[in-house]
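# Summary of the model geometry
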Amino acid sequence: MLENKLAKPASVYDLKGLNCPLPVLKAKKRLAGMQPGSRLWLETTDPLAVIDIPAFCSDSGHRLVETAAVSGGHRFLVERGEQQS
């Protein structure tokens, strides 16, 4: 798709050091202010984020594009869905 090639790079939201439920609550608020189709990297250290972030995306209509284990935590690339989260 042409529009994806022209889309600006995903922002990074540093949620390291926050424990459940704060990473999801902060991600929800940040995504609500973004345009549908926008992407956001979430960086977390909370071990429960590997369960919470995918569940949040599924429940809220967002698309979990990529996940990666990184030193001390995880990264999640989330694409904002059409519906309000």
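Keep in mind that what you see is a predicted model, and the values were worked out from it rather than measured. (Residues numbered from 1 in each chain as written. Predicted model: local features only at pLDDT ≥ 70, side-chain atom pairs only at ≥ 80, totals over all residues. Heavy atoms only, no water.)

### What to know about the pairing of strand S2 (residues 39–44)
- Within S2, five of the six residues are buried, leaving the element largely enclosed by the surrounding structure.
- Across four bridges, the pairing between strand S1 (residues 11–14) and S2 is parallel. Across the sheet, the residue bridging to serine 11 is leucine 40, located in S2.
- Bridging between S2 and strand S4 (residues 73–79) involves six bridges; their strand directions are antiparallel. Within the sheet, the bridge partner assigned to threonine 44 lies in S4 and is histidine 74. (Buried < 20%, exposed > 50% of the residue type's maximum accessible area, 1.4 Å probe, protein only. Helix = DSSP H or I, 4+ residues; strand = E, 2+ residues; numbered from the N terminus. Pairing = 2+ DSSP bridges.)

### A short note on the nonpolar core
- In terms of nonpolar packing, the biggest core is built from 14 residues, with Leu31, Leu40, Leu42, Ile53, Phe56, Phe76 and Val78 touching the most fellow members.
- Broken down by secondary-structure element, the contributors of at least two residues to this core are helix H2 (22–32), S2, helix H3 (49–60) and S4.
- Among the elements that line this core, the one with the most residues is H3, at four residues.
- Sequence-distant contacts of phenylalanine 76, defined by excluding residues within four places in its chain, comprise Leu40, Trp41, Leu42, Thr44, Ala49, Val50, Ile53, Pro54, Leu64, Glu66 and Thr67. (Core = buried A, V, L, I, M, F, W, Y, C linked by side-chain atoms within 4.5 Å. Contact = heavy atoms within 4.5 Å.)

### A word on the pattern of salt bridges
- Under the definition given, this model contains five salt bridges.
- As a salt-bridge pair, lysine 16 and aspartate 14 come within 4.0 Å of each other at their nearest N and O atoms.
- For lysine 16, a relative accessible area of 44% corresponds to the partly exposed category.
- The partner of arginine 63 in a salt bridge is glutamate 79, with the nearest N and O atoms 3.4 Å apart. (Salt bridge = Lys/Arg side-chain N within 4 Å of Asp/Glu carboxyl O.)

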